[in-house]
Amino acid sequence: MLYYITGGERSGKSSYAQHLALTLSDSPVYLATSRIWDENHQARIARHIADRDERWTSVEEEKAIANVVPPKSITVVDCATLWLTNFFVDHDNDVQLSLQEAKKEFDRLLRIDATIIFISNEIGMGVHATTAVGRKFTELQGWMNQYIAKHADKAILMVSGIPVTIKG
């Protein structure tokens, strides 16, 4: 089963995904895809960690996420945006190569017998990026979001903390 949770920044995606995971399992897995970019980002990560209690198993993996999802688990992947950023940065902002590799890894994830709750951001709904690299990343994110949503059994758009079912 694949759940896709998307929405804007601070829309309640992570809280909703964590609550959903705990309704499905007493011992879910939280897969963090982020690199630590700066102090602000470190503080944000610390807040997310503090939100989870002892029922959670935390795993960190920047790109090869299919390698760390346990079979039969309920796993929250947080998040596609940071995961894609790792491909994008590692491939010198090459959208096509990043998309190709992300899709390949995502396809590996789909072959695991687990329930995956995949969080992403709808960055294309906000202000138009002012830089070329920002516009390229917005395209990458949009194409990958479409790919994830296409394969999702259920898709939820978070709007101001309210889950809106858009598929399933």
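Residues numbered from 1 in each chain as written. Predicted model: local features only at pLDDT ≥ 70, side-chain atom pairs only at ≥ 80, totals over all residues. Heavy atoms only, no water.

### Focus on the side chain of S73
Within the secondary structure, S73 is located in the loop between β3 (57–60) and β4 (74–78). Taking the relative accessible area as the measure of exposure, S73 reaches 11% and is therefore buried. Looking at S73, its side chain comes within polar contact range of the main-chain oxygen of P70, at 2.6 Å. Those residues within four positions of S73 in sequence are excluded, and the remaining contacts are V29, D113, A114 and T115. (Helix = DSSP H or I, 4+ residues; strand = E, 2+ residues; numbered from the N terminus. Buried < 20%, exposed > 50% of the residue type's maximum accessible area, 1.4 Å probe, protein only. Polar contact = N/O pair within 3.5 Å; in protein donor to acceptor, adjacent residues only side chain to side chain. Contact = heavy atoms within 4.5 Å.)

### Here's the deal with the pattern of salt bridges
As a working rule, side chains carrying opposite charge can pair if their charged atoms are close by. One pass over the full model with this rule turns up 4 salt bridges. D53 serves as the salt-bridge partner of R55, at 2.6 Å between the closest nitrogen and oxygen. Given the relative accessible area of 37%, R55 is considered partly exposed. On the accessibility criterion, D53 (30% relative accessible area) is partly exposed. Here R108 makes a salt bridge to E105, at a shortest N to O gap of 2.6 Å. Here R108 and its partner E105 are both found in helix α4 (residues 95–110), 3 residues apart, which amounts to about one turn of the helix. (Salt bridge = Lys/Arg side-chain N within 4 Å of Asp/Glu carboxyl O.)

### Some points on the pairing of β3
Sheet faces and side chains relate simply in a regular strand, where the side chains alternate between the two faces. Pairing between strand β2 (residues 29–32) and β3: 4 bridges, direction parallel. Of the residues in β3, the one forming a bridge with Y30 is S58. Traced from β2 through helix α2 (residues 39–50) to β3, the parallel crossover comes out right-handed. (Pairing = 2+ DSSP bridges. Right-handed = clockwise from strand over helix to strand, strands pointing away.)

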